[in-house]
Amino acid sequence: MSTFQRFGNFLFSKDFLKYVFFFDRAFPKRRRDVCSTHFWGPVSNFGIPIAAVMDIKKDPQLVSGPMTGSLILYSLVFMRYSMAITPVNYLLFGCHVVNESAQLIQGGRFINYWYFGGRERALVQAGTAGAEAGAAAASK
């Protein structure tokens, strides 16, 4: 069975539907909430890692070092929290795994740009590109 088939089977399993929709045992025919916070909390929290993944292609000069460091620690804490609570919240854990990975990449880009010569290389490339454009314009 492929991974996609197992994921599809899990998505429509009784356990997952119970996890997503919180039913009140005293009134089994009536839903207490539209969906539980164990589902909507991580779903709404996915905005942070999505933004971080989208920012990976942007200029490393725009990366904030203190904010990236804070988000790295935040994701580590909440990965641990998602496994410590009962019931274990795998969706929250997955959200913070994605966020941790994206923030580590952003942190690496920040360190490379500001401390390991990335800024100087970018300035040299910008200078040579500007000189070439100037030479091309002068020859016309």
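My aim in this report is to walk through the structure given alongside it, one point at a time.

Basis of the calculations
Residues numbered from 1 in each chain as written. Predicted model: local features only at pLDDT ≥ 70, side-chain atom pairs only at ≥ 80, totals over all residues. Heavy atoms only, no water. Helix = DSSP H or I, 4+ residues; strand = E, 2+ residues; numbered from the N terminus. Buried < 20%, exposed > 50% of the residue type's maximum accessible area, 1.4 Å probe, protein only. Contact = heavy atoms within 4.5 Å. Areas by Shrake-Rupley, 256 points an atom, 1.4 Å probe, with all protein chains shown as cover. Phe/Tyr/Trp six-rings, centres within 6.5 Å; stacked < 30°, edge-to-face > 60°. Expected span 1.5 Å × (residues − 1). Polar contact = N/O pair within 3.5 Å; in protein donor to acceptor, adjacent residues only side chain to side chain. Lys, Arg positive; Asp, Glu negative; His and termini not counted. Salt bridge = Lys/Arg side-chain N within 4 Å of Asp/Glu carboxyl O. Axes fitted to C-alpha atoms, helices over the stretch in contact; angles between N-to-C directions. Left-handed = near helix turned anticlockwise from the far one by under 90°. Nonpolar A, V, L, I, M, F, W, Y, C, P; charged D, E, K, R; others polar.

## Considering the overall build of the chain
Alright, step 1. Check the secondary structure of the chain and you find seven helices and zero strands.
Alright, step 2. The buried share of the chain, taken over its 140 residues, is 25%.
Alright, step 3. Taking the intrachain contacts of the chain between residues at least 6 apart in sequence as the baseline, contacts between residues at least 24 apart amount to 63%.
Alright, step 4. Within the structure as shown, the chain displays about 10100 Å² of accessible surface, and the carbon and sulfur contribution to it stands at 68%.

## Some remarks on the packing of aromatic side chains
Alright, step 1. Taken as a whole and judged by the stated rule, the model has four aromatic pairs.
Alright, step 2. Between the aromatic rings of Phe 78 and Tyr 81, the centroid separation amounts to 5.7 Å while the plane-to-plane angle is 70°, which identifies the pairing as edge-to-face. In this pair, Phe 78 and Tyr 81 both sit in helix α5 (residues 65-84), three residues apart, roughly one turn of the helix.
Alright, step 3. For the ring pair Tyr 113 and Trp 114, a centre distance of 5.1 Å and an interplane angle of 85° mean the geometry is edge-to-face.
Alright, step 4. Tyr 113 sits in the buried class, given a relative accessible area of 8%.
Alright, step 5. Pairwise contacts between aromatic rings join Tyr 74, Phe 78 and Tyr 81 into one cluster.

## So, helix α6 (residues 90-115)
Alright, step 1. Taking 1.5 Å of rise per residue, the 26 residues of α6 would be expected to cover 38 Å, and the 36 Å separating its terminal C-alpha atoms lies within 8% of that figure.
Alright, step 2. Burial in α6 covers these residues: Leu 92, Cys 95, His 96, Asn 99, Glu 100, Ala 102, Gln 103, Gln 106, Gly 107, Arg 109, Phe 110 and Tyr 113.
Alright, step 3. Its side-chain oxygen 3.3 Å from the backbone nitrogen of Leu 91, Asn 89 forms the N-cap of α6.
Alright, step 4. With its phi angle positive at about 85°, Gly 117 sits one or two positions after the end of α6.

## Points about the side chain of Glu 100
Alright, step 1. On the secondary structure map, Glu 100 appears in helix α6.
Alright, step 2. Arg 80 is the oppositely charged side chain nearest to the buried, salt-bridge-free Glu 100, at an N-O distance of 14 Å.

## Digging into the packing of helix α4 (residues 47-55) against α6
Alright, step 1. Viewed as axis vectors pointing N to C, α4 and α6 meet at an angle of 30°, and their least axial separation amounts to 9 Å. Where α4 crosses over α6, the two elements pack in a sense that is left-handed. Only Cys 95, Val 98, Asn 99, Ala 102, Gln 103, Gln 106 and Arg 109 of α6 make contact with α4, whose side of the interface consists of Ile 48, Pro 49, Ala 52, Val 53 and Asp 55.
Alright, step 2. Classifying every residue of the contact of α4 with α6 by side-chain character gives seven nonpolar, three polar and two charged.

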